[in-house]
Amino acid sequence: MDATTHAAHTHEAHEAHHEELGFWRKYIFSTDHKVIGIQYGFTALCFLMFGFLLMTMMRWSMAYPDKPIPMVGGLLEKILGADVASGGVMSPDLYNSFGAMHGTIMVFLAIVPLAFAAFGNYVVPLQIGAPDMAFPRINMVSYQAYFMGGVVMFFSFFAPGGAAKSGWTSYSPLATFADMAHRVDGQTLWLLGMVLLITSSLLGAVNFIATIIQLRAPGMTWMRLPFFVWAQFVTAFLLLLAFPPLEAAGVMQLMDNLLDTSFFLPSGLVVAGQPATISGGGSPLLWQHLFWFLGHPEVYVLILPAMGMVAEIIATNTRKPIWGYKSLVYSVLAIGFLSFIVWAHHMYLTGMGTKISTFFQTTTMIISIPSVIILTCLFLSLWGGSMRFNTAMLFALAFLPMFGIGGLTGLPLGLNFTDLHLHDTYYVIAHFHYVVAPGTIFALFAGIYHWYPKITGRFMSERLGKIHFWLSLIFMNLVFQPMFVQGMAGMIRRMYNGGATYAGTDTEVGLPADILKMNVNITHAAWALGLAQIPFIINFFWSIKKGKKASDNPWNSTTVEWQTPTPPPHGNFTKPIEVHRGPYEYSVPGHATDFTPQNEPEKSTKR
Amino acid sequence: MEIPYTVEARRDTGLFNAKVGIWLFLASEVMLFGALFSAYILLRVGALPGDWPHGLLNIPIGTFNTAVLISSSVTVVLGWAALQAGNFARYRKCQAITLLCALGFLGIKSYEYREKFGHYEVWLNQPITVKHAGKDVQTDRLLGHFTHNGSHPLFWKTETLAEKKVEAIKFSPDPIHYSMTAREMAHAKKEAHGQPHAEIEIKTADIRRLSAFVPGHGPYFAIYFTLTALHALHVLGGAIVIFYIWANTKMWKTEPERYINRVEVSGLFWHFVDLVWIFLFPVLYLL
Amino acid sequence: MSESHSHHDLAKHIKVYWVVFFALLVGTAVTVGLNYMHFDSLALTIGIAMFVATVKAFLVAGYFMHLLSEKKMIYAILLTTVFFLVGMMFLVIWGRDQLPRGSSFFGSHNSSSTPAISSQ
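Residues numbered from 1 in each chain as written. Chains lettered and ligands numbered in written order. Predicted model: local features only at pLDDT ≥ 70, side-chain atom pairs only at ≥ 80, totals over all residues. Heavy atoms only, no water.

1. A word on the overall build of chain A
- A count of helices and strands for chain A gives 19 helices and two strands.
- Taking 2.2 N^0.38 as the reference for a compact globule, 607 residues should give roughly 25 Å; the C-alpha atoms of chain A span a radius of gyration of 25 Å, in line with that estimate.
- Taking the principal axes of its C-alpha atoms as reference, chain A extends roughly 85 × 55 × 50 Å.
- Burial statistics for chain A: of 607 residues in total, 61% are counted as buried.
- Partitioning the intrachain contacts of chain A with sequence separation of at least 6 by distance along the chain shows that 77% fall at a separation of at least 24.
- Only carbon and sulfur atoms are counted for the fraction: they give 68% of the accessible area of chain A, which is about 23,300 Å².
- Looking at charge distribution, chain A has the averaged site of its 32 positive side-chain charges lying 11 Å from that of its 31 negative ones. (Helix = DSSP H or I, 4+ residues; strand = E, 2+ residues; numbered from the N terminus. Rg over C-alpha atoms; globule rule 2.2 N^0.38 Å. Buried < 20%, exposed > 50% of the residue type's maximum accessible area, 1.4 Å probe, protein only. Contact = heavy atoms within 4.5 Å. Areas by Shrake-Rupley, 256 points an atom, 1.4 Å probe, with all protein chains shown as cover. Lys, Arg positive; Asp, Glu negative; His and termini not counted. Charge placed at Lys NZ, Arg CZ, Asp CG, Glu CD.)

2. Remarks on the overall build of chain C
- The secondary structure content of chain C amounts to three helices and zero strands.
- Walking chain C from its N terminus toward its C terminus, one meets helices and strands in the order α-α-α.
- Taken across its 120 residues, chain C has 36% of its residues classed as buried.
- Across chain C, contacts joining residues at least 24 apart in sequence account for 47% of those joining residues at least 6 apart.
- With an accessible surface of roughly 7,200 Å², chain C has 68% of that area assigned to carbon and sulfur atoms.

3. Thoughts on the packing of helix α7 (residues 136-155) of chain A against helix α9 (residues 186-214) of chain A
Residue and element names in this part refer to chain A.
- The interhelical angle for the contact between α7 and α9, taken along N-to-C directions, is 160 degrees, at an axis separation of 8 Å. When the interaxial angle is binned, α7 and α9 end up roughly antiparallel. Relative to α9, the crossing made by α7 is left-handed. Each of Ile138, Asn139, Val141, Ser142, Ala145, Tyr146, Met148, Gly149, Gly150, Val152, Met153 and Phe155 in α7 lies in contact with α9, whose residues at this interface are Leu189, Trp190, Leu192, Gly193, Met194, Leu196, Leu197, Ser200, Leu203, Gly204 and Asn207.
- Considered class by class, the residues forming the contact of α7 with α9 number 15 nonpolar, eight polar and no charged. (Axes fitted to C-alpha atoms, helices over the stretch in contact; angles between N-to-C directions. Parallel < 35°, antiparallel > 145°, perpendicular 65-115°, else oblique. Left-handed = near helix turned anticlockwise from the far one by under 90°. Nonpolar A, V, L, I, M, F, W, Y, C, P; charged D, E, K, R; others polar.)

4. Notes on the interface of chain C and chain B
- Contacts between chain C and chain B engage 51 residues on the former and 59 residues on the latter.
- Here chain C and chain B share one salt bridge between them.
- Residue B:Lys19 pairs with C:Glu70 through a salt bridge whose shortest N-O separation is 2.9 Å.
- Contributions of two or more residues to the side of chain C that touches chain B are made by α1 (7-35), α2 (42-64) and α3 (72-97) of chain C. (Salt bridge = Lys/Arg side-chain N within 4 Å of Asp/Glu carboxyl O.)

5. A short note on empty space enclosed by the protein
- Under the defined criterion, the tally for this structure stands at six cavities of 30 Å³ or more.
- Looking at the lining of the largest cavity, the elements that each hand over two or more residues are α6 (92-128), α7, α9 and α10 (227-258) of chain A.
- The element that contributes the greatest number of residues to the lining of the largest cavity is α6(A), accounting for six residues.
- Classifying every residue of the lining of the largest cavity by side-chain character gives 11 nonpolar, six polar and one charged.
- The space that makes up the second largest cavity amounts to roughly 70 Å³.
- Together, B:Val76, B:Val77, B:Trp80, B:Val263, B:Glu264, B:Gly267, B:Leu268, B:His271, C:Phe64 and C:His66 line the second largest cavity.
- Listed by contribution, the elements that provide at least two residues to the lining of the second largest cavity are α2 (59-84) and α8 (256-286) of chain B. (1 Å grid on protein atoms, 1.4 Å probe; cavity = no way out; pocket = protein on both sides within 12 Å on 5 of 7 lines; lining within 4 Å. Points joined across faces, edges and corners; volume = space filled by probe spheres on them.)

6. Notes on the confidence of the model for chain A
- With 96% of its residues at a pLDDT of 70 or more, chain A shows a mean pLDDT of 92.
- Segment residues 1-18 of chain A is flagged for pLDDT under 50; beyond a separation of four residues in sequence, or across chains, it makes six contacts in the model. (pLDDT = per-residue confidence, 0-100.)

7. Some thoughts on the interface of chain A and chain C
- In this complex, chain A contributes 30 residues to the contact, which on the side of chain C involves 22 residues.
- Each partner contributes to the roughly 2,200 Å² buried at the junction of chain A and chain C, and carbon and sulfur atoms together form 81% of this total.
- Broken down residue by residue, the surface that chain A buries against chain C is led by A:Leu241, A:Ser267 and A:Ile356, which jointly contribute 19%.
- Among the elements of the structure, α10, α11 (284-318) and α13 (354-380) of chain A are those that each provide at least two residues to the side of chain A that touches chain C.
- The residue makeup of the side of chain A that touches chain C, split by class, is 20 nonpolar, nine polar and one charged. (Buried area = accessible area lost by both parts, 1.4 Å probe.)

8. Let's talk about the side chain of B:Lys109
- Tracing the backbone shows B:Lys109 in helix α3 (residues 88-117).
- With relative accessibility at 3%, the residue B:Lys109 sits in the buried group.

9. Considering the environment of B:Pro153
Residues and elements named next belong to chain B.
- In this fold, proline 153 is placed in the loop between β2 (135-147) and α4 (158-163).
- Using a relative accessible area of 10% as the deciding quantity, one classes proline 153 as buried.
- With 151 residues separating them along the chain, proline 153 and glutamate 2 place their C-alpha atoms 60 Å apart.
- Among all residues touching proline 153, those that are not within four sequence positions of it are Phe117, Gly118, Tyr120, Phe146, Thr147 and His148.

10. Thoughts on the pairing of β2(B)
Residues and elements named next belong to chain B.
- Relative to β2, strand β1 (residues 120-132) is paired through nine bridges, and the arrangement is antiparallel. Each bridged residue has a counterpart across the sheet, and for valine 130 the counterpart in β2 is valine 137.
- Pairing of β2 with strand β3 (residues 168-173) involves four bridges; the strand directions are antiparallel. The partner of threonine 147 across the bridge, within β3, is lysine 170. (Pairing = 2+ DSSP bridges.)

11. Notes on a nonpolar patch on the surface
Residues and elements named next belong to chain A.
- A grouping of Met71, Val72, Leu75, Ile79, Phe154, Phe155 and Phe158 is seen on the molecular surface, where their side chains present a nonpolar patch of about 720 Å² in accessible area.
- Elements represented by at least two residues in the nonpolar patch include exactly α4 (73-80) and α7.
- On the secondary structure map, valine 72 appears in the loop between α3 (33-63) and α4.
- By relative accessible area, valine 72 is classed as partly exposed at 30%. (Patch = residues over 30% accessible without salt bridge, like charges linked within 9 Å, V, L, I, M, F, W, Y side chains within 5 Å.)

12. Side note on the pattern of salt bridges
- Inspection of the entire model under this criterion finds 16 salt bridges over all chains.
- Measuring nitrogen to oxygen at the nearest pair gives 3.9 Å for the salt bridge that ties A:Arg581 to A:Glu602. Note that A:Arg581 is positioned in the segment after α19 (534-546) and A:Glu602 in the segment after α19, a separation of 21 residues in sequence.
- Here A:Arg581 falls in the buried class, since its relative accessible area comes to 12%.
- For B:Asp12, the salt bridge identified is with B:Arg10, shortest N-O distance 2.6 Å.

13. Remarks on the pairing of β1(B)
- Pairing between β1(B) and strand β5 (residues 207-212) of chain B: five bridges, direction antiparallel. Directly across from B:Val122, in β5(B), lies its bridge partner B:Leu210.

14. A word on the packing of aromatic side chains
- This structure, assessed with the given rule, holds 89 aromatic pairs over all chains.
- Judged by centre distance (6.0 Å) and plane angle (70 degrees), the rings of B:Trp277 and B:Tyr285 are edge-to-face. Neither B:Trp277 nor B:Tyr285 differs from the other in exposure class; each is buried.
- For the ring pair C:Trp18 and C:Phe21, a centre distance of 5.8 Å and an interplane angle of 75 degrees mean the geometry is edge-to-face. Placement of the pair is C:Trp18 and C:Phe21 together in helix α1, with a separation of three residues, close to one helical turn.
- You can call C:Phe21 buried: its relative accessible area is 9%.
- Its end group placed over the ring of B:Trp246, B:Arg92 keeps NZ or CZ at 4.5 Å from the ring centre.
- A cation sits over an aromatic face here: B:Arg209 above B:Trp123, 4.4 Å from the ring centre. (Phe/Tyr/Trp six-rings, centres within 6.5 Å; stacked < 30°, edge-to-face > 60°. Lys NZ or Arg CZ within 6 Å of the ring centre and 35° of its normal.)

15. Comments concerning the sheet that holds β3(B)
Residue and element names in this part refer to chain B.
- Strand order in this open sheet of five strands is β4-β3-β2-β1-β5, and the pairing throughout is antiparallel. Strands with a single pairing partner mark the edges of an open sheet, and in this sheet they are β4 (200-203) and β5. Here the average twist between neighbouring strands, direction ignored, is 60 degrees.

16. Quick look at the environment of A:Met460
- The topology assignment puts A:Met460 in the loop between α16 (426-456) and α17 (462-488).
- If sequence neighbours within four positions are ignored, A:Met460 has contacts with A:Ile448, A:Tyr449, A:Tyr452, A:Phe536, A:Asn539, A:Phe540 and A:Ser543.

17. Some details on the side chain of A:Arg581
- Separated by 2.8 Å, the side chain of A:Arg581 and the backbone oxygen of A:Glu600 make a polar contact.
- Residue contacts for A:Arg581: discarding those within four places in its chain leaves A:Arg224, A:Thr596, A:Pro597, A:Gln598, A:Asn599, A:Glu600, A:Pro601 and A:Glu602. (Polar contact = N/O pair within 3.5 Å; in protein donor to acceptor, adjacent residues only side chain to side chain.)

18. Quick look at the confidence of the model for chain C
Residue and element names in this part refer to chain C.
- Mean pLDDT over chain C stands at 76; residues scoring 70 or higher make up 74%.
- Counting interchain partners and residues more than four positions distant, the pLDDT-below-50 stretch residues 106-120 has 23 contacts.
- Confidence estimates for the predicted assembly give a pTM of 0.92 and an ipTM of 0.93.

Dropping the structure here:
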């Protein structure tokens, strides 16, 4: 059978069919990976802002405990009720639910959908030369499940008793007993939302892996893939294999909450002075094991796409190949593999024995090696580069030291004898926020500035971008740097009044006054950080219509997503793609241009 | 550009897309059921001696259900082979049997569930004397059935006794309890065979706890119901997909290769469901 | 999958399916039969039950799911999965074993009606 005529014939039929797509099929129920990528991106950015706003209110409570929140206090009371926000003052319970939801929303509704699903969906098929994802309809369902999960999570704030308030980690028995008055409460909705989100991620992961395995264009061998694709490939495997145990655990916790089972509830439990009327015999540790079995690979899900993006942006803006491509690939595979056997370093203080503690400590130390290799390769890639300091590059450059700080500060947490002191303190919060906030989120900003011209055909304003960058960099550090100090001084997490309860006095040892005062500085910096996003938001929307027009390959990049019209048409490529070289052929000696696209045909040479 | 390899295999992997997809999905399902099995092991290992129910499930029925599922697995693969030979009528017959087996499995499971919901354990404040295997035994835990107003109620708990203002129940204790070893239980059952069921009256005031064999009874039934219900949902889901493909025969005429691929992919899911049961059955029923 | 199956090939495959079917039924009967033998050693009971189950699983996966003739890519996916599955199960159980002596995280219910608030 003649493949080309067959393809051409169905292409025509396809074309004719697609001209009839109405608004709903084209924009809402689309199966096109680019539309789905944008849907994910937009929804995720909305949740990112929502999660941020939750935090700004929490920070008020920490800096000015028991005082009414200005501007929004009255609104909170009206929307959420006087029992949690009477007089506009945030109650401890409300603080707890804001905290639990801030974490949940940021991790599962903002970062993962943005880094993995949004950028992955838009860019990966283009970068491998494919017409779409392997399973476009499953792709659509995956977005819809995510959206439904987000809706459930959002509306859980209005459930009787308020949103989940047992931490994003939802530890039993607190998760079951935090709200004894209502059976179907915010916690139940949280679990339901999680089931939907996990389903979405699983479907997405299957799609990504199958696409990367099966739909690479001819000539796109594994070792010619852009590093971003490798990163997304490993990330997809992490989601595929690590999420199901959490789904199982979520179902079990749902049953504990709704059907009176005791999967995670031990015997002899006494709640509020009364023995709990449960069968007992369960294990709180079991929840922790199953949660962190996902929880640890999850943090690599948060960082790997970011590393991939930074690699692409650095290569494009240094006009040099990435240093150590093979090392990067093997390292990212090693990280993926190792990330499954380090999880109990989140559980050092559960009373585990020395043997198992040593095992996890060892694997945790080992996993830092490939991470350092990746960071080193990215740093080395800068040497001798001809740098273009556009906004995308500034964010990508800042990612490197910020992630470095985040990674290095993780070492005392990975060693159990230092973790004894630092566990559950603000040091932990500082560590993981450094990795995700000035780490991943900076990489995501970089990605937005970098790929915006391909998606919209226009540049974002460089001036607004640079204001956004510098302000964000300064305030991110002002927010999170002091938290290391606070943590080392012993300030623990999840205190609605910023630790004022434990303030040291003349007669009692407690948190020093200067440590507590830092809460105010941090809070102000956090609000300033919020204000610093305004240039970005304006830029983002304004540039869609008014940005400077961009060509199809405005950054003169080598990877295949730039070798197609802007925006890419349905089916992505007007003619079949064939790949002839690696992804970073920049500044090759003897070439007329300083870059050679992956799919540019070989010049005929007489051999 | 059309998406390639939806029907024909890609040369270097030798696979078509949906096959890669279904195996990836099955990998995630392995982790899902694996996590539940891990939970089972942890809960069982952590149970106090005499506290882990065993020998309470109906083994002949479970064995029959296993045979039903295994049969459905062979009919699925025979159906696929028939399609490859171009024998569409044979494929339809095989899949019809598959679907009947699926329905049978689910029906038998429902019967088993219902049977459990009316079977009780009662914990007493003070031990009493009952006959186990002809001998007098002191125990404060009894298994058995009871009647209320002439019927066998389902789903009662300790609170239900107060709610319904029941002062005493007529309880028929079983000759066995799961705190015995398997050997002792087999012996006790043999001794009691043919004997009439003694009925005793238990006052509500003497009852510390009453529970049917429901998820809330304890970790064993919690994990039993979770594992088997999740598995049953997969049986149902798989059956629906197989039915959908079986009913929509148009594609066999227009794109036979694609149709065969769909049958194969849904068959792979079905075999996985059978695989899970192959482990579920001995672990829950026999061990 | 555009493999053209010859009649001969298919007939052979079908024969294999029936053989596996009967083997599975026999395996089931063996498992149940052994169950009635009530071994004293717990390890032996579990070992035999799991061994038979694994053999049956191997038959289903190998022949019904055609894993024995499947491509490398599928093997790679499955072996990775099995490795992490075993790792998860083993490490979780090992962790349980490592609790300090005398601690009673689970199974600490007593049959008396007054629960003690354990001071751990």
